[in-house]
Amino acid sequence: MRRQGVLLTSFAEIYNWGRANSIWPLQFGLACCAIEMICVAAARFDIARFGAEIFRASPRQADLMIMNGTVTKKMLPQVVRLWNQMGEPKFCIVMGACASSGGPFREGYNVVKGIDRFIPVDVYVPGCPPRPEALLHGLMEIQKKMREEPLTGPDAPRYFRKDTTCEYPIPEFGEHDLVPPYNSELWKPPAPIVREGK
Amino acid sequence: METLEQIRDRIVAKFGADTVTLITNPGPSAQHSLLLVAHAARDIARFLHDDPALRLDYCSNATGVDWPDKEIVETVKTTQPDPAGGPDKVVETKTKRIQPGCLEAVYHLYSIALKSAEPVIIRMRTANRTDDVTLPSLTPVWRSCEFQEREIYDLYGIVFTGHPDLRRILMWDEFKDHPMRKDYVGPDDYEWEPTPHGEVLERAKAHYPTPPASTSPKSEE
Ligand code: SF4
């Protein structure tokens, strides 16, 4: 049949194949990791090989957010707003120690201790900054996730389900901290474990 | 370039003896500085900027310093004759006094016109750390101070009078604290750390007073 030019496939497969190979990342940068992301987009590492070369400067046209750098508390509402403005289906790669956990600034007063408190994250890329190859690996993981995503059933993405929301609340600037300090539907404080310090 | 003593003497001759003090730095860098009295500081700054022998036309850096209240213990030794005829006794009396704290703004000045290599450092001090925290802004003299004075205002809470646009620059406008002050207490958003130590361990203990028995290596023994 294949030789006759007839291809049998499911709709989900062809849909996922299509979007996995034309990812449009959102063009924005937060800190030093952004330099590494720019480097991935340039000729030497060339993210275009994966179909993701068009960095869109508008959230309306993007479907991948690369959280590249330190998210300060002052910047956070804008970042969540950008994420809300992106159309579904959308994915988020967290790049580097800062965006995943606060990194070197974790104990500071002005840095969010991980962007996963406010928006859902699909892939974490560790490093400070991650090598360009690591970011490409993260992109390939996103592509894998896209290819394997079922469109129906309980594992369907959030925009096909009735029981989830695609809009994430934007915290307010408080007098001492962000209000609320994290989105309690996405993130819970970790279980109480204390080891004795040396 | 004149030495700092010469500059001080010229300021004293022009503005009066109580307007300037020379503060020496005992450290190896030996960067001495001039402490200006706040009410005359703008005029003195204008003088430093315009004087043909100095021409300090460039302020490279302005920053703040927080000096909290400091307890100073002074020990005075007095000898008292022993009434029993023995050797004299030495009695130490300790007196404590509180040196009141203040906030300080420090400016590093260079002359581009005269190609100076070393900065001339001037300082100003507020009256205290709580309510009287105003200093004259030097932005009208050196335009480059504008953002840095905003940063001092944001992080230390010094209010600069005469500043063209005194707003917070790094933190958001609704923020109430001044994070670079020594007594700043950050938001208590402690959470689990794999290897807590030092200050983090103290905070960890406050949040999780009793470690669960199953995870504590000591209780397994
Ligand atoms: S993880 Fe490292 S390189 Fe990346 S933004 Fe943070 S400090 Fe910069």
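The rules behind the values
Residues numbered from 1 in each chain as written. Chains lettered and ligands numbered in written order. Predicted model: local features only at pLDDT ≥ 70, side-chain atom pairs only at ≥ 80, totals over all residues. Heavy atoms only, no water. Disulfide = S-S within 2.5 Å. Buried < 20%, exposed > 50% of the residue type's maximum accessible area, 1.4 Å probe, protein only. Core = buried A, V, L, I, M, F, W, Y, C linked by side-chain atoms within 4.5 Å. Helix = DSSP H or I, 4+ residues; strand = E, 2+ residues; numbered from the N terminus. Contact = heavy atoms within 4.5 Å. Pairing = 2+ DSSP bridges. Axes fitted to C-alpha atoms, helices over the stretch in contact; angles between N-to-C directions. Parallel < 35°, antiparallel > 145°, perpendicular 65-115°, else oblique. Left-handed = near helix turned anticlockwise from the far one by under 90°. Nonpolar A, V, L, I, M, F, W, Y, C, P; charged D, E, K, R; others polar. Domains from an automatic or database assignment. Buried area = accessible area lost by both parts, 1.4 Å probe. Salt bridge = Lys/Arg side-chain N within 4 Å of Asp/Glu carboxyl O. Near = heavy atom within 4 Å.

**Student:** How would you sum up the state of the cysteines? Please name residues and give values.
**Tutor:** All names here are of chain A. Counted according to the given criterion, the structure contains 0 disulfides over all chains. Lacking any disulfide linkage, Cys39 is separated from the closest cysteine sulfur, that of Cys33, by 12 Å. By relative accessible area, which is 27% here, Cys39 ends up partly exposed.

**Student:** Lay out the nonpolar core in plain terms, naming residues and giving numbers.
**Tutor:** Ranked by size, the top nonpolar core spans 34 residues in total, and within it Leu48(B), Tyr107(B), Leu109(B), Ile122(B) and Trp142(B) carry the most contacts. Only helix H1 (4-15), strand S2 (33-36), helix H2 (38-50), strand S3 (58-67), strand S6 (102-110), strand S7 (120-125) and helix H3 (145-156) of chain B provide two or more residues apiece to this core. Counting residues per element, this core draws most heavily on H2(B), which supplies 6 residues. Ile122(B) has contacts with Leu34(B), Leu36(B), Leu48(B), Ala105(B), Val106(B), Tyr107(B), Leu109(B), Leu138(B) and Trp142(B), leaving out every residue within four places of it along the chain. Counting 22 residues, the second largest nonpolar core, distinct from the first, contains Val71(A), Val80(A), Trp83(A) and Leu178(A).

**Student:** Describe in detail the sheet that holds strand S3 (residues 123-125) of chain A, supporting the description with residues and values.
**Tutor:** All names here are of chain A. Strand order in the open sheet made by the 3 strands is S1-S2-S3, with parallel pairing throughout. The open sheet has two edge strands, strand S1 (64-68) and S3, and neither has a second partner. Each adjacent strand pair in this sheet contributes to an overall mean axis angle of 20°, direction not counted. Pairing between strand S2 (residues 91-95) and S3: 3 bridges, direction parallel. Looking across to S3, one finds that Ile93 is bridged to Val123. Helix H3 (residues 76-85) contacts S1 and S2 of the sheet and is inclined by roughly 165° relative to S1.

**Student:** Now, about the packing of helix H1 (residues 11-20) of chain A against helix H5 (residues 132-147) of chain A: what can you tell me, with residues and values included?
**Tutor:** All names here are of chain A. Put simply, H1 and H5 touch, their axes get as near as 8 Å, and they point 160° apart. Judged by the inter-axis angle, H1 sits roughly antiparallel to H5. The handedness of the crossing between H1 and H5 is right-handed. Between H1, through Asn16, Arg19 and Ala20, and H5, the contact on the second element is made entirely by Gln143, Met146 and Arg147. Within the contact of H1 with H5, the residues separate by chemical class into 2 nonpolar, 2 polar and 2 charged.

**Student:** Before we move on, can you summarise the domain arrangement of chain B with the specific residues and values?
**Tutor:** All names here are of chain B. Taken domain by domain, chain B holds domain 1 (4-67 + 103-171) and domain 2 (179-209). The interface is formed by 8 residues belonging to domain 1 together with 5 residues belonging to domain 2. Interface area for domain 1 against domain 2, summed over the two sides, is near 640 Å², with a carbon-plus-sulfur share of 48%. At the junction of domain 1 and domain 2, the tally comes to 1 salt bridge.

**Student:** So, the site of the ligand: which residues are in play, and what are the values?
**Tutor:** All names here are of chain A. In the region of the ligand, the neighbouring residues are Ala31, Cys32, Cys33, Gly69, Thr70, Gly96, Ala97, Cys98, Gly127, Cys128 and Pro129. Elements with a contribution of two residues or more to the shell around the ligand: helix H2 (32-41) and helix H4 (96-101). Considering each element in turn, the shell around the ligand owes the most residues, 3 residues, to H4. Split by residue class, the shell around the ligand holds 7 nonpolar, 4 polar and no charged.

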